[in-house]
Every structure is written in structure tokens, then in C-alpha cells.
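Listed below, chain by chain, are the residues.
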Amino acid sequence: MRDTAGGPRVLLRRLRELMADALDPQKRLDKIVREIAQNMVAEVCSLYVLRADSILELYATEGLNPDAVHLAQLRLGQGLVGTIAASARPLNLSDAQKHPAFAYLPETGEEIYHSFLGVPVLRAGRTLGVLVVQNRTMRHYREDEVEALETVAMVIAEMIATGDLARLTRPGIELDLSRPVSMTGLPFNEGVGLGHVVLHEPRIVVTALFNEDSDEELVRLETALDSLRLSIDDMLSRRDVAFEGEHRAVLEAYRMFANDRGWVRRLQEAINNGLTAEAAVEKVQSDMRARMMHMTDPYLRERMSDFDDLANRLLRQLMGRGPDALAEILPKDAIIVARSMGAAELLDYPRQKLRGLVLEEGAPTSHIVIVARAIGLPTVGQVKGAVSMSENGDAIIVDGEDGQVHLRPQADVEEAYAEKVRFRARRQKLYQELRDRPTETRDGVPVDLMMNAGLAVDLPQLAQSGAAGIGLFRTELQFMVAAAFPRVEAQERLYSEVLDAADGKPVTFRTIDIGGDKVLPYFKGAQHEENPALGWRAIRLTLDRPGLLRTQIRALLKAAGGRELRMMLPMVTEVSEVRQAREIIDREVRHLSRFGYLLPTRLKLGAMIEVPALLWQLEELMQAVDFVSVGSNDLFQFVTATDRGNTRIADRFDPLSVPFLRILRQIVRAGDQYGTPVTLCGELAGRPISAMALLGIGFRSISMAPAAIGPVKAMLCELPLSDLSVVMDEALANHSASTDIRALLRDFAQKHNIAL
Ligand code: PEP
Ligand code: MG
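First things first, this report covers the structure right here in the doc.

Definitions and limits used
- Residues numbered from 1 in each chain as written.
- Chains lettered and ligands numbered in written order.
- Predicted model: local features only at pLDDT ≥ 70, side-chain atom pairs only at ≥ 80, totals over all residues.
- Heavy atoms only, no water.
- Helix = DSSP H or I, 4+ residues; strand = E, 2+ residues; numbered from the N terminus.
- Buried < 20%, exposed > 50% of the residue type's maximum accessible area, 1.4 Å probe, protein only.
- Polar contact = N/O pair within 3.5 Å; in protein donor to acceptor, adjacent residues only side chain to side chain.
- Contact = heavy atoms within 4.5 Å.
- 1 Å grid on protein atoms, 1.4 Å probe; cavity = no way out; pocket = protein on both sides within 12 Å on 5 of 7 lines; lining within 4 Å.
- Points joined across faces, edges and corners; volume = space filled by probe spheres on them.
- Nonpolar A, V, L, I, M, F, W, Y, C, P; charged D, E, K, R; others polar.
- Pairing = 2+ DSSP bridges.
- Axes fitted to C-alpha atoms, helices over the stretch in contact; angles between N-to-C directions.
- Core = buried A, V, L, I, M, F, W, Y, C linked by side-chain atoms within 4.5 Å.
- Patch = residues over 30% accessible without salt bridge, like charges linked within 9 Å, V, L, I, M, F, W, Y side chains within 5 Å.
- Areas by Shrake-Rupley, 256 points an atom, 1.4 Å probe, with all protein chains shown as cover.
- Salt bridge = Lys/Arg side-chain N within 4 Å of Asp/Glu carboxyl O.
- Lys, Arg positive; Asp, Glu negative; His and termini not counted.
- Charge placed at Lys NZ, Arg CZ, Asp CG, Glu CD.
- Donors = N, O, S within 2.8 Å, 3.2 Å for Na, K, Ca; no water.
- Near = heavy atom within 4 Å.
- Phe/Tyr/Trp six-rings, centres within 6.5 Å; stacked < 30°, edge-to-face > 60°.

### Digging into the side chain of Thr127
Inference 1: If you trace the backbone, Thr127 turns up in strand β6 (residues 126–135).
Inference 2: Relative accessible area serves as the criterion here: at 11%, Thr127 is assigned to the buried category.
Inference 3: Side-chain polar atoms of Thr127 contact the backbone oxygen of Ala85, separated by 3.4 Å.
Inference 4: Apart from the residues lying within four places of it in its own chain, the contact partners of Thr127 are Leu50, Ala85, Ala88, Val121, Leu122 and Asp176.

### Section: empty space enclosed by the protein
Inference 1: Counted by the stated rule, this structure contains three cavities of 30 Å³ or more.
Inference 2: For the largest cavity, the calculated volume is near 110 Å³.
Inference 3: Lining the largest cavity we find Tyr48, Leu74, Gly79, Leu80, Val81, Phe102, Ala103, Leu105, Glu110, Phe116, Val132 and Gln134.
Inference 4: At the level of elements, α3 (79–87) and β6 are the ones that each hand at least two residues to the lining of the largest cavity.
Inference 5: Among the elements that line the lining of the largest cavity, the one with the most residues is α3, at three residues.
Inference 6: Each residue belonging to the lining of the largest cavity can be placed in one class, and the counts come to nine nonpolar, two polar and one charged.

### As for the sheet that holds strand β13 (residues 395–399)
Inference 1: Taken in spatial order, the eight strands line up as β7-β14-β13-β9-β10-β11-β12-β8 in an open sheet, and their pairing is mixed. Of all strands in the sheet, those with a lone pairing partner are β7 (181–184) and β8 (186–189), marking the two edges. Averaged over all pairs of adjacent strands, the angle between strand axes in this sheet comes to 30°, irrespective of strand direction.
Inference 2: Across the sheet, helix α14 (residues 411–435) touches β9 (192–199), β13 and β14 (404–407), and the angle it forms with β9 is around 120°.

### Looking at the nonpolar core
Inference 1: The biggest cluster of nonpolar side chains holds 125 residues, and the ones touching the most others in it are Leu346, Leu621, Leu664, Ile667, Phe699 and Ile702.
Inference 2: Here this core gets eight residues from one element, more than from any other, and that element is helix α23 (residues 658–674).
Inference 3: With residues near it in sequence (within four places) discarded, Ile702 still touches Asp448, Leu449, Met450, Thr679, Leu680, Ala685, Ala691, Leu694 and Val712.
Inference 4: In this structure, Ile32, Leu149, Ala153 and Leu165 belong to the second largest nonpolar core, which totals 37 residues.

### What to know about the environment of Leu275
Inference 1: Summarising the element assignment, Leu275 is placed in the loop between α7 (261–272) and α8 (277–292).
Inference 2: The spacing of Leu275 and Ala37 is 238 residues in sequence and 25 Å in space, taken between C-alpha atoms.

### Points about a positive patch on the surface
Inference 1: Together, Arg550, Arg587, Arg590 and Arg594 make up a region of like positive charge exposed at the surface.
Inference 2: For the positive patch, the leading source of residues is helix α20 (residues 575–594), giving three residues.
Inference 3: Counting through the fold element by element, Arg590 comes out in helix α20.

### Here we look at the coordination of the magnesium ion (ligand 2)
Inference 1: For the magnesium ion (ligand 2), the full set of protein donor atoms is Glu610 (OE) and Asp634 (OD), and the range of their distances to it is 2.1 Å. Taken together, the residues span a long stretch of sequence, with Glu610 in the loop between β19 (602–609) and α21 (618–624) and Asp634 in helix α22 (residues 632–639) at a distance of 24 residues.
Inference 2: Asp634 sits in the buried class, given a relative accessible area of 3%.

### Side note on α3
Inference 1: Listed as buried for α3 are Gly79, Leu80, Val81, Gly82, Ile84 and Ala85.
Inference 2: Contacts from the buried residues of α3 go to β1 (44–50), β2 (55–62), β3 (73–75), β4 (91–93), β5 (115–123) and β6.
Inference 3: Once α3 ends, the next one or two residues include Ala88, with phi positive near 60°.

### A look at the site of ligand 1
Inference 1: Around ligand 1, the structure places 14 residues, and the nearest of them are Arg474, Arg510, Lys518, Asn633 and Arg644.
Inference 2: For ligand 1, an oxygen atom lies 2.8 Å from a polar atom in the side chain of Arg510.
Inference 3: For ligand 1, the protein covers 98% of the area, taking 290 Å² as the surface of the free molecule.
Inference 4: Among the elements of the structure, β16 (470–474) and α22 are those that each provide at least two residues to the shell around ligand 1.
Inference 5: With three residues, the single largest contributor to the shell around ligand 1 is α22.

### Structural notes on the packing of aromatic side chains
Inference 1: Enumeration according to the criterion identifies seven aromatic pairs in this entry.
Inference 2: A centroid spacing of 4.9 Å and a plane angle of 80° characterise the contact between Phe485 and Tyr522, whose relative ring orientation is edge-to-face. On the criterion of sequence distance, the pair formed by Phe485 in the loop between α16 (476–480) and α17 (488–502) and Tyr522 in the loop between β17 (507–510) and α18 (538–544) is long-range, its members being 37 residues apart.
Inference 3: With a relative accessible area of 9%, Tyr522 lands in the buried category.

Set out below in C-alpha cells:
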């Protein structure tokens, strides 16, 4: 067996020089294959590139017939080369012609070569081509030779990805890499974004795999680690809205990891073995990922993504891409594509340049999605293969309405979406104009349109949407994006910030509604439940763990010192639960006043109507509370026995139906009878047609996602409410339960020129 001439280190250096030379791309490729053949002491080295039509085309060869270049072709899966491309695995054969998949291409003249080593040209797990070396003799290539060829293939992948070879394609032919691809995922946040791919984890330039001087690399690592630690400390000391409350806990976890000695030691070891600092970070991170892959514990998995996030920050430091540098190189219409990412990382990007977000992972309730929704970014998640299919700078469309992602879209698709975006922009402008008009129906009935919120990043929406206040502040979101229970100080800080931002507008804080689908990975008290929606959740949980409720109430009372405080209890089933909560509140008030704290000027306690049992206690309930709010998401799920998260039955029953609207009207009437204000804060409030139905049955206050306020206000400004009330009363009173209320509402809207 012969030795390779100089090993991968020398070869990589030569390739780096060749890539830097100003050469015609075909000449460069020819020189590269010659260089590889020489270095590996092979008689043949050939490169096949995968085209969009699934054909592998010979792009360059040393040793085979040069006239076959750009002519010799194999289908994906055909012959040895096609097999390697299809399986993305190398083939190492001492007698290639004996392999069952061998296909003889007469134009290449390869029949005289026996041994064959082929490796896939891979980029982020995706095959872009195949690189082959062959020898006349029957030899078996050594393990280190396979590795060397794989490393070289990484360099070639980089060349293909940067578009270097695209210039060599014949007209009408596209490389696989530039093929339009449409992918389907789950819609996580509505809206449509057109823009260009920004890979959240930019790939390491592979030519920087091996270091020249370990000591120098160790110094680079130490410097980068120092600036990383400093930047985390800096973020922690800033009183920026984005880094308060929910993000603080995440950053505190990062600080702990950044000082973890085991992690730093493993990085140093990898450098001492010959890698660059960047490659060391990549290696340690992927070793760790491989080890943690099989873990199912959601808490550990969440920590893993924190660690990934931290390693990425370190890579950016090493590559001179701190958050500021990031802002400069970002296109003005960036669509971030990531496997997964930390919530704080998304906030590193300048918001005005972001148009959308595509995630390979993520769940509707994951931290990153909560933040994306809060900043109004069209988001699609669970898009398998999104990262490996995309390249930085590719055109991309994110459709957060139907969960579609179009990568490198064809002109007609792009035009259709551009029209959709223009239409939305025109509507947005109309809503802006409406913002400062009084919120009242055409016949002059005032209505309160409130917004739902839950994070500090939601607060700017209060002014932007023109909401009359916050009708539902979901306090559990702070708990959901944290790594551990937020301390009383952190809770108080967030609540004061919310009240400051509201500047006198009413804010209704709902006490933590955890359990059900809202799990806190760090909460050890929770156990597996057969039916979590009907289980130990919300007020049931907090009454059983009064320490949790007491802490939150204390934070709320302190934050609201000198102003009005509105608190609301989720998932109340019996009026007695309100009484128990009130006792806890009263005790806290007495406690704080004993210690001389400034107390709220007024304290109002409300209950959510989400559990049907309350419908038969309305009389007592209305007298026991200061206000009620209908949680129509849960109430509908329990009234119709329809899991709110199950897409299979999502459209089976309509909340705009006689029975459900009769229930809602009954609540409004009970409120009127006892002088108890009634509002509704489920998704129903946010669609113009259902908001119209709610007004028609007597609601005068509803709370919705901030983005829904514009469309709902546009509807109500055109609405002759007294006419609608007559129509609704008649429909609910006299006719059969199968009356099509939705059709009735549409007819009414059409007759009165109301856009729904
Ligand atoms: C509801 O159930 O309608 C509600 C507003 O609460 P959540 O969606 O947070 O359960
Ligand atoms: Mg609810």
C-alpha cells in the first residue's frame, strides 16, 4: 500500500491557495481534482455534481476521458456514484466492477481501474455531489484516506454552495442546490413574509478546520470566551425591555454555562488535538448533542438548546460576528432559518430587518414561538429539512397562515405572494388611520377593545394597536420562558413595567394559569395526567400550592402600589374557590400594610368563566366578584367536549352556533342583572365575524391579540348594532338550534357593506 503525499493538512493548504487564485471556474476545478489525485496517489479523481433533475453530471476529472466532462451522467441511485449520492454514505471497494451496482459508462474509459473510493459531497446533511478516486490496482483505501477525502469534499461543498460552479452549468440546467422547494410545517404565527434566508447558525468555513499553532488558537478561544462572558454580563445589567423578566433567567443560565470548567476544558483539548477554535466549538457542541439526543426529559432538552445557543454565540465571537456585526450584514428583509433557537437569540436581531422565522423544531408553546408571536413575526415551525435545503441569501417566502415555506420560489409564486403582502399592507394602513377614531359602532354605541398580552415585549403594542387596555395579561408566560420559578422581585419588576407602560389604562392580570398544555419543565410537583386539560391546573393548582399564589399576589400588590389593581382567577369551577383566593389576597394586603407598603388604590377581583359548572352558579358568582371574563377557548372546549389543540376535530363544531351563543348571552344578561361587568378574552373576540356576533348578543368589551384590533375596529365602525341585536335575538330565541348563524352574519355584513 502506498502512502499519501503530504496528508490532508498539505492538501487543504493547496486547495485554499487554489480557491484564492483568480482562475476560470472550470480550470480551478480541473486543478483541484489533479491536486487531490496527486495527494492521494490515485490515478483518477472525478467530481460529479447533483442537478435539479436528479442527474449526477461529471464536472471534472483527472484520469478519465476529459471529453466526458459535462457529458457523462448518472441518475440518482444509478451505478456506484448514484448509490453514494442516494445513500449519502461512502463506498470503498477494491474491485469496483464486482459490485452489483457498478454501471459502465463507455465514454469515460474507466474499465481499467479496479479500486474505487467515493464519498458524498455533503453540506448540512444534504448531498450536493460525489467525489471519487480510483486506482488501477486492487487496493483497499485506509480509514484515514477516507477521512481525508471526506474533508476535501467539505471544501467542494462550500464551492458549490457559494455558487462557484453554477457558472459551469449549461443553459436550462439547474443544480440541485438552486431548485425551488416548497415545504410544509405548522403555522405558529400568522402573517406572510418575503425575503432572503439568513441561516441562524452560519456554517463554519471548512478551510479553517486545522490549526497552524495550537497556542495561538488557545489564546483566541480565551479572548472569545472573555468577550462572551462580558456580553452576557452587559445584557444582564441593561434595563432594556427585551432583557427584563422572562429573558433574565435565560441569560443567567448562559452565564453559568459560560463559566462551566468542564466545557472550557473540552474546548481546550480539541484545540490541542489540532483543531481551530471554531472547529473545536463545533466538535464539542456536536459531541454533546449526540450524547443528549436520546434524552426525553423536556427540561434537559431545553437546557441543551440553551447550550447550543451559547456555543453559537461563542462561534460568532470567534468569527468576528458579534450582534452589532450581525446587524450590518443582515439583509433588510431577513427571514431567519434555524433548527431551533433560544428566545434571547431572536431578540439579538434588529427587529426592523426581520420578515419571518422558519424553525425545524419548536412547538406552539415553546419560548422562541412565544417571543416571535409577541414581536409579530410570521413564523412556521416543524419544517423538516429547512436548514439543509437553504443557503444564505436564497429567496424565501414564509406563509404563517397555512404553514407553507417556499424556498427559491418561481416568479409566479413570488408575484402571488407579493400581491398578498401588498394587500395586507393596504389594510394595515387603513387600521392605522382608524386608530385614533373613537371606538364606537355606526349607531354610536361605545365598545372597549382590549388586547391580550403576557410578555414585556408585547407592551409597545398597547400604543401601536390603540387598545383601550390589557384585558388579559397571561402571567404564566413569564414562568414559561424562565429556567426556574421567577423570584418575587422579577415578578414585581415585570408587573410594574406593565402598569407603567399602560399609563393609567386598565390592566387585568390573570393569576398563573399553568397545567394543562402549559407545562413548566422545572416544576417538580406536576405528575403525568391522563387528561391534563381536566386536571391539576390553574386555580386548582395555585390553591393547593398557596405559596406560589401568595408570592404572585405580593408581587402584584407591590407593583400596583398607589394605582388600581385588577386580578383575575383562571378555571374557576366553584364560587368557593373565589372566596379562598380572596382570603389569601386579604391576608397579603394586611401583611403589606403592617409593614407600611404603599397599597393599590383599588383592588378588583374577577373570575374567568371557562368551566361549564359556573353557568349554573352565575347568580352567586356575579355577586362574589367585581367582574367576569369569558375564556371562550376553554369554555367552548368543555361545552362541546372538543380538545382545543386537536386539529382533526378543530372545525367540527362552530362557536358561532345557537347553543354556544345562547350560553354567552346568558352570561351577559346575568352580568347586567347584577351590575357586574362582563368581557370575553378568548380567540373568538379576535375575528371580525365572531366579534360582530358577540356585540350582537350584548358584549361591550372584548379582549384579543393586538393584531386583531385593527380588523375588528374596522368592522365595528360600520356596524348598525341595534339592527344586528334584533336579528340575533330573533335567531337565538325562535328558531331551531340548527340555524346557520354564520351565514346569517355574513348576509347581514354584506347588506350593510361591512368587510369581514
Ligand atoms: C381561554 O381559555 O379562552 C383563555 C383566554 O385562556 P387561555 O387561552 O390562556 O387558556
Ligand atoms: Mg383558558
